[in-house]
Amino acid sequence: MSITADIPNGRAAAAFLAAGIGSFVFGALSLAGDASPAINKALAFYVPSGALSGVSTVAVVLWLVAWFVLATLWRRKQVALKTINLTAFGLLAGGFLLTFPPFMDLLQGK
Amino acid sequence: MRHFLTLLHGWGAGGIFLVGFPLALIAIAGTTSSATHPPSEREEFFVKRALQALAAVGWIAVTAGTYVIYPWYRAKPPAGTADLAGYPRSLLLSHPDTAWLHSFGMEWKEHVAWLAPILLTVVAYIYTTYGASLARHRGIRATALAFTVLAFFAAGVAGEFGKLLGDHAPVQSPAAAPVTAQAQAGTVK
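These figures come from a predicted structure and were not determined experimentally.

Engineer: Can you walk me through the packing of helix H2 (residues 41-74) of chain B against helix H5 (residues 115-130) of chain B in this structure?
Structural biologist: How two helices pack is summed up by the angle between their axes together with the distance between the axes. Residues and elements named next belong to chain B. Contact pair H2 / H5: the axes reach a minimum separation of 9 Å and the direction vectors enclose 160°. With respect to their mutual orientation, H2 and H5 come out roughly antiparallel. For the crossing formed where H2 meets H5, the hand is left-handed. Contacts between H2 and H5 pair Glu-44, Val-47, Lys-48, Leu-51, Gln-52, Leu-54, Ala-55, Gly-58, Trp-59 and Val-62 from the former with Pro-117, Ile-118, Leu-120, Thr-121, Ala-124, Tyr-127 and Thr-128 from the latter.

Here it is, written out as structure tokens:
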């Protein structure tokens, strides 16, 4: 068996919450790109792929930035994991819902 | 070439990703359970590397899908093109029976697929950081397993719709499609 020193839960909490933030940003940008032609055009970082290129780039960058910031703050700390996990799952649920076309249409009144 | 790369994307990277998920779930659960013997260093090392590789395959799949396959899928046909075989998006939207495959299937697939590697990267990080000690970190272990299931769901949606889209409107080079009457008449460039 490998011996692993007891690591504070802050590192895990940072990773979980950052994933929730990244997923929610992804969903929110998908919706914004679908609802607004101007935002859709602005998110077309790579024109042949359209807005998906900008949505994925911005979401992944914000996910990594959030992870870095949270990990820096919490890496040596014991944090309230239950609350953070609930928040992360709430954000994840939002992210999944906002990528679901019927839900996107519902929010836009289509 | 387009058809081959699309197959590589779907059946290669996507296939490895989908097959790897149940194995990842079993490996994480099995090597971090308080009810079983702790894994050997060798076993733990293998699971860490396998999870990291699976996350890497996920990133390759979504990046290739977005920047290589998707532009071919959504390419607009030149005006007057009658045979849409080389333009999957237009082909699907041209018929009411298949339009939903784009407006629902592709719209969902192209977005939800990106959540899978994000989630699996976190799972790989958690296992690499905590390893077998996850048996003592019950909350972290449970969340990592839930993330693995959610990543599997996202990849499953993408894989299933990828197969349906490929069945109805495979990505292929317009040059591979039969020559249209307009093209023969020289009206399509």
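Engineer: Any chance you could explain the interface of chain A and chain B here in plain terms?
Structural biologist: A common way to state how big an interface is: give the accessible area lost once the parts meet. Counting residues at the interface gives 38 residues for chain A and 40 residues for chain B. Interface area for chain A against chain B, summed over the two sides, is near 3500 Å², with a carbon-plus-sulfur share of 74%. A salt bridge links Asp6(A) to Arg136(B); the nearest nitrogen and oxygen atoms lie 3.5 Å apart. For the interface between chain A and chain B, the tally reads nine residue pairs in polar contact (both at pLDDT 80 or more). Elements represented by at least two residues in the side of chain A that touches chain B include exactly helix H1 (10-35), helix H3 (51-74), helix H4 (81-98) and helix H5 (101-107) of chain A. In terms of residues, the side of chain A that touches chain B owes the most to one element, H1(A), which gives nine residues. Partitioned by chemical class, the residues of the side of chain A that touches chain B number 22 nonpolar, 14 polar and two charged.

Engineer: Before we go on, may I ask you to explain the pattern of salt bridges in this structure?
Structural biologist: Once the charged atoms of two side chains with opposite charge are near each other, the side chains can pair. Residue and element names in this part refer to chain A. By the definition in use, this model includes four salt bridges over all chains. Notably, a salt bridge pairs Lys-110 with Asp-34, separated by 3.6 Å at the nearest N-O pair. Of this pair, Lys-110 sits in the segment after H5 while Asp-34 sits in helix H1, and the two are 76 residues apart along the sequence.

Engineer: Would you take a moment to explain the nonpolar core for this structure?
Structural biologist: Most often, soluble globular proteins have nonpolar side chains that are buried together. One finds Val122(B) and Ile126(B) to be the most contacted residues of the largest nonpolar core, which totals 74 residues. Where this core is concerned, the elements lending two or more residues are H1, H3 and H4 of chain A together with helix H1 (2-31), H2, helix H4 (99-112), H5 and helix H6 (138-168) of chain B. When residues no more than four places from it in sequence are discounted, the contact partners of Val122(B) are Ala15(A), Phe16(A), Ala19(A), Trp63(A), Trp67(A) and Phe147(B).

About the criteria used
- Residues numbered from 1 in each chain as written.
- Chains lettered and ligands numbered in written order.
- Predicted model: local features only at pLDDT ≥ 70, side-chain atom pairs only at ≥ 80, totals over all residues.
- Heavy atoms only, no water.
- Axes fitted to C-alpha atoms, helices over the stretch in contact; angles between N-to-C directions.
- Helix = DSSP H or I, 4+ residues; strand = E, 2+ residues; numbered from the N terminus.
- Parallel < 35°, antiparallel > 145°, perpendicular 65-115°, else oblique.
- Left-handed = near helix turned anticlockwise from the far one by under 90°.
- Contact = heavy atoms within 4.5 Å.
- Buried area = accessible area lost by both parts, 1.4 Å probe.
- Salt bridge = Lys/Arg side-chain N within 4 Å of Asp/Glu carboxyl O.
- Polar contact = N/O pair within 3.5 Å; in protein donor to acceptor, adjacent residues only side chain to side chain.
- Nonpolar A, V, L, I, M, F, W, Y, C, P; charged D, E, K, R; others polar.
- Core = buried A, V, L, I, M, F, W, Y, C linked by side-chain atoms within 4.5 Å.
- Buried < 20%, exposed > 50% of the residue type's maximum accessible area, 1.4 Å probe, protein only.

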